[in-house]
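# Close look at the chain arrangement
Spelled out from the first residue to the last, the chains are:
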Amino acid sequence: MQTQLFIGGEFVDGADGAGIEVHDPHDGSLLTEVAEARAVDVDRAVEAAGKAFASWRHWPADQRGRLLLKLADAIEQHAEELALLETRDTGHPIRDTQGLDVPRTAATFRYFGGMADKLQGSVIPVERGFLDYVVREPIGVVGQIVPWNFPLMFTSWKMGPALAAGNTVVLKPSELTPLSTLRVAELMAEVGFPPGVVNIVPGYGATAGARIVEHPGIGKISFTGSTSVGRGVARDAADTVKRVHLELGGKGANIVFDDADLNAAVQGSAFAIFHNQGQACIAGSRLILHERIAEEFLDRFVTLARSIRLGDPKQAETQMGPLTSVGHRDRVLSYLAAAREEGSEVLTGGGRPQEAELAAGCYLEPTVIAAEPSHRVAREEVFGPVVTVHRFRTDAEALSLANAVEYGLGGGLWTRDLSRAHRTARELRAGMVWVNSYKRVNPGSPFGGVGRSGYGREMGFEAMREYTEAKAVWVNVDADLPRLYG
Ligand code: NAD
């Protein structure tokens, strides 16, 4: 298991020799200790990335792409190992890390490997006598800061487009879950990424993270995390006029109309909230049900929630693992306590499971709560296996409930009526809408939010724009310039 910082193509200790303990959320045991990056280590990483940029930016685009394609292959070759590492570090059930996280990571690196040499410029029709062409150039050293909920996948979402476009990277994984990112860095070195093109600095937000945000050698910050930290990142990045891309929190609305296929809606809505223990920015954490089908839907949904198999995430039959840290589990529990105080009704779950074998872990029961839209649990991001239920009569009421929160990341709707589907998709305030499904992601489809969920987009061609600057070049081919002086 790789546990050192990755700077300039080498695994090294932090200058201060400090370490961060990494725990297994299944039983609280110590997995390992990784080197902690402090500000001085970030400085070293930025210097290495700056040096590497001078040549990496001039690499033929297809050669950069080729390395990303090789990396995708290497990830597939090490799929089992990476899935287990991610499961132990995060608590994601192994069936998800094997079936979703690892394949999606490989697919995203492969997508951007193929994209590297498709980034074309354009020619602008300007006045006669001039050729005006636009090229897209890499920004330089980019700083990437990611959270703990999908650490492996985020290596590809962040590094794939940045590297394909010719940037070099300093990436800080969450202090809670650095292990799969360090392993990916090792694979990158093995497939031939030159030293300094990618640098990984596990560390705390207030030290390593803050230094990345303020460092004058970094041209852009891509931040995924909470809205409160993201706000500060944008403020601090302004001092050096960095470009900022923010992927922040969410409070996804999931509307079930009375003409929906209820079987599909119940299954899809359970995946929307309970996958990864609800620790997803796009989680469908507010169920908005037409009153005519609400009782029947809830009967089936609550029965399903009670049947979800909690347990050791390393076991193939486990459907729901522990939350990723004790601190986060306690934060979710505090939302449940607040919900009770505010008069919400817990329909199922609502606390820690009783089974003795789960007592030492960060487990929580799948929880369904009938709440008022004004309750904190229905307004704020809980980031756990907790869904609130609301009822509506008209389509307008459904939309007004859905759009009543500050966030605008993902949202879903279930209906057999085509016009209603498109109309509702148009009116939902969100960066992504799923019709008769939920939480679909694909490397080609832009991912990001509006409102307090942030701005900018991961994935697809949009991501290549995020990591490039447009440069317009004017060439006087045969224009007569006016004589303005003398
Ligand atoms: P967080 O904001 O606490 O931390 C995110 C990252 O920022 C971590 O690496 C952390 O160390 C770092 N950080 C903390 N303080 C910092 C500072 N002052 N300067 C620079 N970096 C700092 O979030 P979290 O608890 O790790 O993750 C959960 C949050 O992430 C949720 O709100 C979730 O919605 C959000 N998220 C958003 C998306 C998206 O694409 N929109 C995806 C996943 C998670």
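Treat the numbers as computed from the prediction; the structure is a model and nothing was measured. (Residues numbered from 1 in each chain as written. Predicted model: local features only at pLDDT ≥ 70, side-chain atom pairs only at ≥ 80, totals over all residues. Heavy atoms only, no water.)

Turning to the domain arrangement of the chain, a few remarks are in order. Here the domain parsing of the chain yields domain 1 (5–248 + 453–473) and domain 2 (253–435). Taking only C-alpha atoms into account, the centre of domain 1 sits 30 Å from that of domain 2. Taken together, the contact between domain 1 and domain 2 spans 27 residues of the former and 31 residues of the latter. Roughly 2,200 Å² of surface becomes buried between domain 1 and domain 2 when both sides are summed, with 59% attributable to carbon and sulfur atoms. It is His26, Trp148 and Ser453 in domain 1 that bury the most area against domain 2; as a group they hold 28% of the surface buried on that side. Linking domain 1 to domain 2 there are one salt bridge. (Domains from an automatic or database assignment. Contact = heavy atoms within 4.5 Å. Buried area = accessible area lost by both parts, 1.4 Å probe. Salt bridge = Lys/Arg side-chain N within 4 Å of Asp/Glu carboxyl O.)

Let's shift gears to the sheet that holds strand β12 (residues 253–256). Consider a sheet: its strands pair through backbone hydrogen bonds, and that pairing is either parallel or antiparallel. One open sheet accounts for seven strands, arranged β14-β15-β16-β13-β12-β18-β19; its pairing is mixed. The open sheet has two edge strands, β14 (345–348) and β19 (432–435), and neither has a second partner. Direction aside, neighbouring strands of the sheet carry axes that sit 25 degrees apart on average. Set on the sheet, helix α14 (residues 418–427) makes contact with β12, β18 (410–414) and β19; between it and β18 the angle comes to about 160 degrees. (Pairing = 2+ DSSP bridges. Helix = DSSP H or I, 4+ residues; strand = E, 2+ residues; numbered from the N terminus. Axes fitted to C-alpha atoms, helices over the stretch in contact; angles between N-to-C directions.)

The residue arginine 329 is located in helix α11 (residues 326–341) in this model. Its relative accessible area of 8% is what places arginine 329 among the buried residues. Of note is the side chain of arginine 329, whose polar atom sits 3.1 Å from the side chain of aspartate 330. (Buried < 20%, exposed > 50% of the residue type's maximum accessible area, 1.4 Å probe, protein only. Polar contact = N/O pair within 3.5 Å; in protein donor to acceptor, adjacent residues only side chain to side chain.)

Along an α-helix, a turn takes 3.6 residues, which lines up residues three or four apart on a common side. Taking 1.5 Å per residue as the helical rise, helix α10 (residues 291–307) with its 17 residues ought to reach 24 Å, and the 25 Å between its terminal C-alpha atoms agrees with that figure. The sharpest bend along α10 measures roughly 30 degrees and falls at phenylalanine 297. Buried residues along α10 sit in contact with β12, α9 (262–274), β13 (286–290), β14, β15 (367–370) and β16 (386–392). (Expected span 1.5 Å × (residues − 1). Bend = angle between axes of the 7 residues up to and from the residue.)

The strand order across the open sheet built from three strands is β5-β6-β22, with neighbouring strands paired in antiparallel fashion. The open sheet is flanked by β5 (122–124) and β22 (468–476), the only strands paired with a single partner. Averaged over all neighbouring strand pairs, the angle between strand axes comes to 30 degrees, with direction disregarded. Direction of pairing for β5 relative to strand β6 (residues 130–138): antiparallel, over a ladder of three bridges. Paired with valine 123 across the strands is tyrosine 133, a residue of β6.

On to the site of the ligand, then. Close to the ligand lie 26 residues, the nearest being Val146, Lys172, Ser226, Leu248 and Glu381. Measuring from an oxygen atom of the ligand, one finds a side-chain N or O atom of glutamate 175 at 2.8 Å. Contacts to the ligand include glutamate 381, whose side-chain N or O atom sits 2.5 Å from an oxygen atom. Its free accessible area being 850 Å², the ligand has 86% of it covered by the protein chains. Every element with two or more residues in the shell around the ligand is listed here: α7 (205–214) and β10 (220–224). Looking at the shell around the ligand element by element, the count peaks at three residues for α7. (Near = heavy atom within 4 Å. Areas by Shrake-Rupley, 256 points an atom, 1.4 Å probe, with all protein chains shown as cover.)

A cluster of nonpolar side chains, Val123, Leu131, Tyr133, Val475 and Val477, forms an exposed patch at the surface whose accessible area comes to about 400 Å². When you line up the elements, valine 477 lands in the segment after β22. (Patch = residues over 30% accessible without salt bridge, like charges linked within 9 Å, V, L, I, M, F, W, Y side chains within 5 Å.)

Once that is clear, we can look at helix α4 (residues 94–115). Given a rise of 1.5 Å per residue, 22 residues ought to cover 32 Å, and the 30 Å separating the end C-alpha atoms of α4 matches this to within 8%. Along α4, the residues that are buried comprise Ile94, Asp96, Thr97, Asp101, Val102, Thr105, Ala106, Thr108, Phe109, Phe112, Gly113 and Met115. Of the surrounding elements, those touching the buried residues of α4 are α2 (61–77), α3 (79–90), α5 (151–164), α6 (179–191) and α15 (460–466).

Now for the nonpolar core. Side chains that are nonpolar tend, in soluble globular proteins, to be buried together. Grouped together as the largest cluster of nonpolar side chains are 87 residues, with contacts concentrated most on Met159, Leu163, Phe193, Val256, Phe297 and Phe301. Each of two domains, domain 1 (5–248 + 453–473) and domain 2 (253–435), supplies a minimum of three residues to this core. Those residues within four positions of leucine 163 in sequence are excluded, and the remaining contacts are Trp56, Arg64, Leu68, Val169, Met188, Phe193, Val197 and Val198. Listed in part, the 25 residues of the second largest apolar core include Ala35, Ala37, Val46 and Leu246. (Core = buried A, V, L, I, M, F, W, Y, C linked by side-chain atoms within 4.5 Å.)

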